[in-house]
Structures are given as C-alpha cells and as structure tokens.
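# Analysis of the macromolecular model
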Amino acid sequence: MVRMKDDLIRSLIHDVAHQLRLRIDEALRPYDLTRVTWLAISIVDQNEMLTQSELAARLELGTAATGKLIDRLEERGLVRRHDHPDDRRANLLSITDQARDLLERIEPIGEFLREDVLQDLGQHERQRLRQSLQTIKCRLTEDRSQVA
C-alpha cells in the first residue's frame, strides 16, 4: 500500500523533473528545438559516428521514435546519416557544421538554467543533491533480479 507520506518524494521528483523539462523547452523554443532534440544533437556531437540504436539507448527512446527524430534533424540539416561499414542495416550519425554553430549559440542556456534553478542552494547543498540523486538513479538501474 502506498501512503501519502511515501508518495511525497516520488511526487516531488516527478514535479521537479516535469518543471525542468518545461523550462528547458521554453528556453529552446526560439531556436526551434526541444530538450530531446538538443540532447540528441549533443550526444551525437560528443560521440561522432554512433549508431541510431546507440542514440536511442542513450535517449531512452524506442528505435522508431528515435528514427523519426533523426529524420526531422536530418531534414533541418543538423544531422547526417552514414552507411555503417560493417552492418548494412545500421546507420552511423554525425552532426553538421550548422548543428555545431547552433550548439555553441545555445550553450549559455544550459549554464543559465542550471544556475537559475539552483540559485537558492549553496555549493554543499548542490553537491549533496547531486550525490543523492545519483545514488537513487544507481539503485533504480541496478539488476532488478536481485530485488526481492
């Protein structure tokens, strides 16, 4: 049975994550980007020539949804697909110079949002928050077969 006091932390985490997503999407709207498209371009930028499947796993999206996302990014001239030399079924991804320029222009947005959201927390509180969230994330992503 889930009690209200147990649900409070889960609700807070959900609400904070939701508000962060909204704030990021709002800040990126003038660039015709969303949080997911920004994240996708950034991941490809940091991992040139990864496969669509690898991008899907990193975005935690299905392969079909990721394929459609890549289609849109490719249409905008932000991402290129390349044939995989060892697997005819796979595509490798790279970003374009246009995407690199866009990432440079929006880089300050991430820094501004981080500071804006965390401005009421001191350095020690920020570090503790990061550690606590990392601990929770690690626990949630552990091998679930070990959980009774």
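Residues numbered from 1 in each chain as written. Predicted model: local features only at pLDDT ≥ 70, side-chain atom pairs only at ≥ 80, totals over all residues. Heavy atoms only, no water.

If you look the protein chain up in an unreviewed UniProt entry, it shows as HTH marR-type domain-containing protein from Pseudaestuariivita atlantica.

Quick look at the nonpolar core now. One finds Ile 41, Leu 55 and Ile 106 to be the most contacted residues of the largest nonpolar core, which totals 24 residues. Among the secondary structure elements, those contributing two or more residues to this core are helix 1 (4–28), helix 2 (35–46), helix 3 (52–59), helix 4 (63–75), strand 3 (91–95) and helix 5 (97–118). When neighbours within four sequence positions are excluded, Leu 55 is seen to be in contact with Ala 40, Ile 43, Val 44, Leu 50, Thr 66, Ile 70 and Leu 93. (Core = buried A, V, L, I, M, F, W, Y, C linked by side-chain atoms within 4.5 Å. Buried < 20%, exposed > 50% of the residue type's maximum accessible area, 1.4 Å probe, protein only. Helix = DSSP H or I, 4+ residues; strand = E, 2+ residues; numbered from the N terminus. Contact = heavy atoms within 4.5 Å.)

Moving on to helix 4. For helix 4, built from 13 residues, the straight-helix expectation of 18 Å at 1.5 Å per residue is met to within 8% by its first-to-last C-alpha distance of 18 Å. Those residues of helix 4 that are buried lie in contact with helix 2, helix 3, strand 2 (79–83) and strand 3. Just beyond helix 4, the residue with positive phi is Gly 77, at close to 80 degrees. (Expected span 1.5 Å × (residues − 1).)

Taken in spatial order, the 3 strands of this open sheet run 1-3-2, and their pairing is antiparallel. The sheet is open, and its two borders are formed by strand 1 (50–51) and strand 2, each paired with just one other strand. Two elements, strand 1 and strand 3, share 2 bridges in a ladder whose sense is antiparallel. In the strand pairing of strand 3, Thr 51 is matched with Leu 92. (Pairing = 2+ DSSP bridges.)

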